[in-house]
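Residue-level structural notes
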Amino acid sequence: MTTLNRRSLMKAVGAAATLSLVGTTAHAADKVKIGFIFLGPIGDYGWTWAHNKGREAIDAALGDKVETIYVENVLEDASAIPVIRDLAQQGCKLIFTTSYGFMDQTLTVAAEFPDVKFEHCTGFKRADNVSTYNSKFHEGRAVLGTIAGKMSKSGTLGYLGSYKVPEVVLGVNAFALAAQKQNPAATVKLVLIDSWFDPPKEAAATETLINLGCDIVTTHTDSPGPLQILEQKGLYGFGQGADMSAFAPTAHLTAIEDIWGPYYVARAQALVDGTWTSADTWDGMKEGTVVIAPYNPAIPADVVALADEIKAGYVAGTYDIFTGPIFDQDGVEKVKAGEVMGLEQLATIDWFVKGVESAS
Amino acid sequence: MSPEFIIASIVTIIGLTTPILLAGLGELVTEKSGVLNLGVEGMMLMGAICGFAATAFTFNPWLGVIGAAAGGALSSMLFAILVLQLNSNQVATGLALSIFGTGLSSLIGQSFTGRIVPQFGSIFPDVLAKDPIWKLLFGYSPLVYFALIMVPLTAWFLKSTRAGLILRAVGENDHSAHSIGYSVTGVRYAAIAFGGAMAGIGGAYFSMVITPMWAERMTAGRGWIALALVVFAGWRTGRLLAGAYFFGFLMWLELFAKANGFGNTMPFLQAIPSQFWAAMPYIMTVVALTLISSRGNVGASAPACLGKPFLPST
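Residues numbered from 1 in each chain as written. Chains lettered and ligands numbered in written order. Predicted model: local features only at pLDDT ≥ 70, side-chain atom pairs only at ≥ 80, totals over all residues. Heavy atoms only, no water.

1. Things to note about helix α12 (residues 237-258) of chain B
Helix length check: α12(B), at 22 residues, gives a terminal C-alpha distance of 32 Å against a target of 32 Å (1.5 Å per residue), a fit within 8%. B:Asn260 lies just past α12(B) and shows a positive phi near 60°. (Helix = DSSP H or I, 4+ residues; strand = E, 2+ residues; numbered from the N terminus. Expected span 1.5 Å × (residues − 1).)

Structure follows, in structure tokens:
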């Protein structure tokens, strides 16, 4: 019915500005629509699954005032533009685009719809109606790296990632630096598979890392596939985005859980109240957006203590893994002793630390 | 490189190859009968979810495989009715089947998300199956041996049996086959069902063997690789086997190079950008197709009736 009204209006008025005005009036009594663009399927049990939990939190908290809709499996290329635009045309007043690869597409559509608010996850480009928000996953990676560095027998760790984007680079670096604090000789073999969700390729890449001597593999792609391979081989790994222990009870040491609900509810509330402004939010363990899942009993007590120490340090704001001296892969000093990398540097990082072995 | 490493890598390559080999073999038989079914991706996903569901209900992986074959074959029958009975366009209908299979498998799969089944792994004792050397022969799921047996069986069927000859006749000249009394439609139904069943089993390799879980779109495009493989192989079973392993090897090579596998021992190879290795399967496809077509019609002969609807004159 809405579409019909709009179409006939479009014919009568023929001006987009008037259309949106009339549209708003017509919907004044309705709920405010909030849209989500998801990278993977909501059933990935990882990244998108966690974002969808956040969306459900909005429904639970503000279900009487807002209505949420979502689109799954959106590609990170130009084809995302019409999908985002479609949500705006359907009347969404706030749109969350939940992956780094939607950055420029979000900005493009945002320029076309100045009245619609946008929130882009893990990016760094903003506008008056575009906010960015991120989670300090690397804080969690520092905890995982600590556990891995202490528990690995070979000192060779595997890191299965998606693309060379700041979020992944930060994760790799935090993991490697934390592992090297426990075992200075630890190296991290990195495979970037050019996909966020490809279970067969994730599985084959995990096998390859194991064959090359890695005895602990951590994943920065979204399926539980790699953990199942580790379970079959009797090795250890970590969950990504959500607690994946159901898929690999023995291999799953712990996981980084992404908790988006509180942020999403706050932003939806701000939209309803009319107090929404463009901002850059980068929360972490302190704010509760990054949570470490329950530990596997296989982790020795002293390792648990070390991991908890890092966790406590982050919650108290006294610890930062990106404290110098930090060297890059070629041994060049990137951060001087005692210096701490700033948020701006972290958000655009494109180099790996010493001890990371990756393809050129 | 130690022998253990080489064997472990071969096991990985076989894991990458088996699903596309199974699906490609089925599609080859379908295409030999003159029907182009582009719905392989959808049928693989239907097989993946049906195999997983059947295993989850019965706790018997063998019944799971039967479920996967049935799921793939049943979804292929939708395609068969449309193209054989209603003479719809095969390309459009096949694409529709891919989309339909993706959607339906996601729908069926909703209640299976987050569950696991026991892996359908090697049936040999662990002494052999997990031994770093003997696993080269004994460390695989029964589906791997099944795929390898099906290659010569299919070749023998197509070349040396009466039924295979009829199937090829239907694919090469449907009107002649019809005029001497063979049921073109019946043969094509059977060929499509076989293609569907094999794609279904190929899909089940993902949800029951590699990662025994269900995830939406978990085949991640392997159905399209299987389709390309049939053309790459020039509709020949032997070449399909070689092509499947060649693709599997190149997929492994990309991951190996990215994980710094060449490392310090072969720095000249490690210096090649990883994008080159990632592009290799596609580069090699272009090269192979160019070589085949430059040799005239000898190497690659598509069945003459491929993709054409059969419209008997009377």
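2. Describing the sheet that holds strand β15 (residues 356-357) of chain A
In any sheet, the strands associate via hydrogen bonds between backbone groups, in a parallel or an antiparallel arrangement. Residues and elements named next belong to chain A. A sheet is described by the order of its strands in space; here seven strands give the open sequence β12-β10-β9-β8-β6-β7-β15, paired in mixed fashion. Edge positions in the sheet fall to β12 (290-292) and β15, since each of these pairs with one other strand and no more. Where strand β10 (residues 252-258) meets β12, three bridges bridge the pair, whose relative direction is antiparallel. Opposite Asp 258, over in β12, you have Val 290 as the bridge partner. The strands touched by helix α8 (residues 199-211) are β6 (156-161), β7 (187-192) and β8 (216-219); relative to β6, the strand with the most contacts, the crossing angle is about 165°. (Pairing = 2+ DSSP bridges. Contact = heavy atoms within 4.5 Å. Axes fitted to C-alpha atoms, helices over the stretch in contact; angles between N-to-C directions.)

3. Overview of the pairing of β10(A)
Residues and elements named next belong to chain A. Within β10, six of the seven residues are buried, which leaves it mostly tucked inside the rest of the structure. Direction of pairing for strand β9 (residues 236-241) relative to β10: parallel, over a ladder of four bridges. When the sheet's bridge partners are listed, Gly 239 is paired in β10 with Ala 255. (Buried < 20%, exposed > 50% of the residue type's maximum accessible area, 1.4 Å probe, protein only.)

4. Thoughts on the side chain of B:Thr237
Tracing the backbone through its elements, the reader meets B:Thr237 in helix α12. When sequence neighbours within four positions are dropped, the list of residues in contact with B:Thr237 reads B:Leu25, B:Leu28, B:Val151, B:Thr154 and B:Ala155.

5. Observations concerning the interface of chain A and chain B
Between chain A and chain B, the residue contacts involve 36 residues of the former and 40 residues of the latter. Carbon and sulfur atoms supply 58% of the area buried between chain A and chain B, which totals about 2900 Å² over both sides. Counting across the chain A and chain B interface gives three salt bridges. Note that A:Lys201 and B:Glu254 form a salt bridge whose closest N and O atoms lie 3.1 Å from each other. Across the chain A-chain B interface, the total number found is 11 residue pairs in polar contact (both at pLDDT 80 or more). (Buried area = accessible area lost by both parts, 1.4 Å probe. Salt bridge = Lys/Arg side-chain N within 4 Å of Asp/Glu carboxyl O. Polar contact = N/O pair within 3.5 Å; in protein donor to acceptor, adjacent residues only side chain to side chain.)

6. Digging into the domain arrangement of chain A
All names here are of chain A. Looking at the assigned domains, one finds that chain A contains domain 1 (2-136 + 260-283) and domain 2 (137-258 + 289-357). Opposite the 19 residues of domain 1 that make contact, domain 2 presents 26 residues. For the domain 1 face of the interface with domain 2, the top three residues by lost area are Trp 47, Lys 136 and Trp 282, together amounting to 34%. For the pair domain 1 and domain 2, the interface holds zero salt bridges. Those elements that place two or more of their residues in the side of domain 1 that touches domain 2 are α3 (47-62), β5 (130-135) and β11 (280-283). The dominant element in the side of domain 1 that touches domain 2, judged by the number of residues it contributes, is α3, at three residues. (Domains from an automatic or database assignment.)

7. Things to note about the nonpolar core
In this structure, A:Val191, B:Val40, B:Trp214 and B:Leu240 are the most contacted members of the largest nonpolar core, which totals 111 residues. With 14 residues, helix α10 (residues 184-210) of chain B is the largest single contributor of residues to this core. Those residues in contact with A:Val191, other than ones at most four positions away along the chain, are A:Tyr159, A:Leu160, A:Gly161, A:Ala205, A:Leu209, B:Leu255, B:Lys258 and B:Ala259. Counting 91 residues, the second largest nonpolar core, distinct from the first, contains A:Leu94, A:Ala110, A:Phe175 and A:Met341. (Core = buried A, V, L, I, M, F, W, Y, C linked by side-chain atoms within 4.5 Å.)

8. Observations concerning the environment of B:Thr154
Residues and elements named next belong to chain B. Turning to its location among the elements, Thr 154 is positioned in helix α7 (residues 142-160). Distance in space between the C-alpha atoms of Thr 154 and Gly 238 is 9.8 Å, their sequence separation being 84 residues. With near-sequence residues (within four places) excluded, Thr 154 lies in contact with Leu 25, Val 29 and Thr 237. Engagement of the side chain of Thr 154 in a polar contact is seen with the backbone oxygen of Met 150, the distance being 2.5 Å.

9. Some words on a nonpolar patch on the surface
Residues and elements named next belong to chain B. Side chains of Met 1, Ile 6, Ile 10, Ile 133, Trp 134, Leu 136 and Leu 137 sit close together on the surface and give an oily, nonpolar patch of about 650 Å² of accessible area. For the nonpolar patch, the secondary-structure elements that each account for two or more residues are α1 (3-32) and α6 (135-138). Within the element layout of this structure, Leu 137 appears in helix α6. (Patch = residues over 30% accessible without salt bridge, like charges linked within 9 Å, V, L, I, M, F, W, Y side chains within 5 Å. Areas by Shrake-Rupley, 256 points an atom, 1.4 Å probe, with all protein chains shown as cover.)

10. Description of the confidence of the model for chain A
Do not read the fine detail of predicted coordinates wherever pLDDT is low. Model confidence for chain A is summarised by a mean pLDDT of 89, while 92% of its residues fall at 70 or above. Low pLDDT (under 50) marks residues 1-29 of chain A, which in the prediction has 10 contacts with non-local residues, meaning those over four places away or in another chain. (pLDDT = per-residue confidence, 0-100.)

11. Re the pattern of salt bridges
Side chains that differ in sign of charge can pair as their charged atoms come close. Tallying each qualifying case throughout the model produces 13 salt bridges over all chains. Linking B:Asp174 and B:Arg188 is a salt bridge whose minimum nitrogen-to-oxygen distance equals 3.6 Å. One end of the pair, B:Asp174, is in helix α9 (residues 174-179); the other, B:Arg188, is in helix α10, with 14 residues separating them in the sequence. Taking relative accessible area as the criterion, B:Arg188 reaches 1% and is therefore assigned buried. Because the salt bridges share partners, they merge into one network encompassing A:Asp194, A:Lys201, B:Glu254 and B:Lys258.

12. Examining the packing of aromatic side chains
All names here are of chain A. Evaluated as defined, the whole model comprises 36 aromatic pairs over all chains. Judged by centre distance (5.6 Å) and plane angle (40°), the rings of Phe 38 and Tyr 70 are tilted. A residue pair is termed long-range when its members are at least 10 positions apart, and Phe 38 in the loop between β1 (32-37) and α3 and Tyr 70 in strand β2 (residues 66-71) qualify at 32 residues. The exposure class of Phe 38 is buried, given its relative accessible area of 0%. Looking at Tyr 70, the relative accessible area reads 33%, which means it is partly exposed. Judged by centre distance (5.7 Å) and plane angle (75°), the rings of Tyr 133 and Tyr 264 are edge-to-face. Of this pair, Tyr 133 sits in strand β5 while Tyr 264 sits in helix α10 (residues 261-273), placing them 131 residues apart in sequence. Residue Tyr 133 is classed as buried on the basis of its relative accessible area, which comes to 1%. Grouped by ring-pair contacts, the aromatic residues Phe 36, Phe 38, Trp 47, Tyr 70, Phe 96, Tyr 133, Phe 137, Tyr 163, Trp 196, Trp 260, Tyr 263 and Tyr 264 constitute a single cluster. (Phe/Tyr/Trp six-rings, centres within 6.5 Å; stacked < 30°, edge-to-face > 60°.)

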